[in-house]
Amino acid sequence: MAKYFDVHPDNPQARSIRQVADIVRADGLIAYPTDSCFALGCRMGNKDGLDRIREIRHLDDRHHFTLMCRDFAQLGQFVQINNAAFRLVKSATPGPYTFILPATKEVPRRLLHPKKKTVGARIPDHVVAQALLAEMGEPLVSSTLLLPGQDEPMTMGWEIKEALDHAVDAVVDSGEGGVEPTTVVDLSGGEPEILRVGAGDPSRFA
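As the structure is a computational prediction, the values presented were derived from the model and not from experiment.

K.L.:
I tried to follow the pairing of strand β10 (residues 193-196) on my own but got confused; where do I start?
P.N.:
Bridge count for strand β9 (residues 183-186) against β10 is three bridges, and the pairing is antiparallel. Each residue of the ladder has a partner; that of Asp-186, found in β10, is Glu-193. Counting the residues between successive antiparallel strands, the hairpin from β9 to β10 contains six residues.

K.L.:
Mind showing me how you'd approach the layout of surface pockets here?
P.N.:
A water-sized probe rolled over the atoms picks out the places where empty space is left. Volume-wise, the largest pocket comes out at about 380 Å³. His-64, Thr-66, Thr-144, Val-184 and Arg-196 are, among the 21 residues lining the largest pocket, the residues nearest its centre. For the lining of the largest pocket, the secondary-structure elements that each account for two or more residues are β4 (66-68), β5 (97-102), β7 (140-144) and β10. Tallying contributions element by element places β7 first for the lining of the largest pocket, with three residues. Within the lining of the largest pocket, the residues separate by chemical class into eight nonpolar, ten polar and three charged.

K.L.:
In this structure, what is going on with helix α2 (residues 47-57)? I would like to understand it.
P.N.:
At 3.6 residues per turn, the α-helix brings residues three or four places apart onto the same side. Three or more residues of α2 are buried, namely Gly-49, Leu-50, Arg-52, Ile-53, Arg-54, Ile-56 and Arg-57. Next to the buried residues of α2 lie β3 (39-43), β7 and α6 (157-164). The opening residue of α2, the one whose side-chain oxygen lies 3.3 Å from the backbone nitrogen of Asp-48, is Asn-46. Two residues or fewer past α2, His-58 is found with a positive phi of approximately 55°.

K.L.:
Can you help me understand the pattern of salt bridges in this one?
P.N.:
Evaluated as defined, the whole model comprises eight salt bridges. Two residues, Arg-43 and Asp-27, come together in a salt bridge whose shortest N-O distance is 2.9 Å. Residue Arg-43 is located in strand β3, and its partner Asp-27 is located in the loop between α1 (14-25) and β2 (30-32); the two are separated by 16 residues in the primary sequence. Put simply, Arg-122 and Asp-35 hold a salt bridge, and the shortest N to O gap is 2.8 Å. With Arg-122 in strand β6 (residues 118-122) and Asp-35 in the loop between β2 and β3, this residue pair connects regions lying 87 residues apart in the sequence. The exposure class of Asp-35 is partly exposed, given its relative accessible area of 22%.

K.L.:
Teacher, can you tell me more about the nonpolar core here?
P.N.:
The tendency in soluble globular proteins is for nonpolar side chains to be buried side by side. Counting 42 residues, the largest nonpolar core has Leu-40, Leu-67, Phe-99 and Leu-145 as its most contacted members. Elements supplying a minimum of two residues to this core: β3, α2, α3 (72-78), α4 (83-92), β5, β6 and α6. If sequence neighbours within four positions are ignored, Leu-145 has contacts with Ala-31, Phe-38, Ala-39, Leu-40, Pro-153, Met-154, Ile-160 and Leu-164. Core analysis: the next-biggest nonpolar cluster, separate from the first, contains 19 residues, Val-7, Ile-17, Leu-132 and Met-136 among them.

K.L.:
Looking at this structure, I do not really get the packing of α1 against helix α5 (residues 127-136). What am I missing?
P.N.:
Axis angle and axis distance: for two packed helices, these are the angle between their axes and the distance between the axes, and together they describe the pair. The interhelical angle for the contact between α1 and α5, taken along N-to-C directions, is 60°, at an axis separation of 9 Å. If you check the angle between α1 and α5, you find them oblique. In this structure, the crossing between α1 and α5 has a hand that is right-handed. The segment α1 lies against α5, with Ile-17, Arg-18, Val-20, Ala-21, Val-24 and Arg-25 engaging Val-128, Ala-131, Leu-132, Glu-135 and Met-136. Looking at side-chain class alone, the contact of α1 with α5 contains eight nonpolar, no polar and three charged residues.

K.L.:
Would you take a moment to explain the pairing of strand β8 (residues 170-173) for this structure?
P.N.:
Side-chain direction in a regular strand flips from residue to residue, so the side chains alternate between the two faces of the sheet. In β8, alternate side chains face the same way, and those of Ala-170 and Val-172 on one face and Val-171 and Asp-173 on the other are all buried. With four bridges joining them, strand β1 (residues 3-6) and β8 adopt parallel strand pairing. In the sheet register, Tyr-4 faces β8, and the bridge partner there is Val-171. Relative to β8, β2 runs parallel, the two sharing two bridges. Within the sheet, the bridge partner assigned to Ala-31 lies in β8 and is Val-171.

Criteria and cut-off values
Residues numbered from 1 in each chain as written. Predicted model: local features only at pLDDT ≥ 70, side-chain atom pairs only at ≥ 80, totals over all residues. Heavy atoms only, no water. Pairing = 2+ DSSP bridges. Helix = DSSP H or I, 4+ residues; strand = E, 2+ residues; numbered from the N terminus. 1 Å grid on protein atoms, 1.4 Å probe; cavity = no way out; pocket = protein on both sides within 12 Å on 5 of 7 lines; lining within 4 Å. Points joined across faces, edges and corners; volume = space filled by probe spheres on them. Nonpolar A, V, L, I, M, F, W, Y, C, P; charged D, E, K, R; others polar. Buried < 20%, exposed > 50% of the residue type's maximum accessible area, 1.4 Å probe, protein only. Contact = heavy atoms within 4.5 Å. Polar contact = N/O pair within 3.5 Å; in protein donor to acceptor, adjacent residues only side chain to side chain. Salt bridge = Lys/Arg side-chain N within 4 Å of Asp/Glu carboxyl O. Core = buried A, V, L, I, M, F, W, Y, C linked by side-chain atoms within 4.5 Å. Axes fitted to C-alpha atoms, helices over the stretch in contact; angles between N-to-C directions. Parallel < 35°, antiparallel > 145°, perpendicular 65-115°, else oblique. Left-handed = near helix turned anticlockwise from the far one by under 90°.

Following this line, the structure appears as structure tokens:
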């Protein structure tokens, strides 16, 4: 059964955040809120966690996992950013954007796109997600919590707990989540390419 954490959206309780971080450190899988919608998250080295995300969402090996990073300094440890990409990413973060970028050697191979050796990276503009990332001191490997056959992500923590009680180890609830996933921008080639239009305004990359 998943543990359920009801945390304050503006002042998340430090004790709850610590307990959630401990679950992640012990190779648990969590559902947590972001500035776009709820996400599934686990520790970067947690192979079982990745397999569980793939199983829950019915994903193939071409799916881009996202490294949810606390800030730009942390993001820079895990992706390679040239000057042009640096300016674009810097201007749009924190916010509801995911950037596809070449990964550094710090990123486990199993997280990379098999052919392109790229990974998704983003910095959320969300108090609870940021508190959790600060407590963790490392990125959360994440994927939008969109279940197979559903058109929109679930927005209520209790609903997620009910649906995934035996599939995840914890659900973090801080109020109703959004239904729009991030806007995904591929910066691994020459020009920015919008792969998915979501919560973030894509026009800034036109």
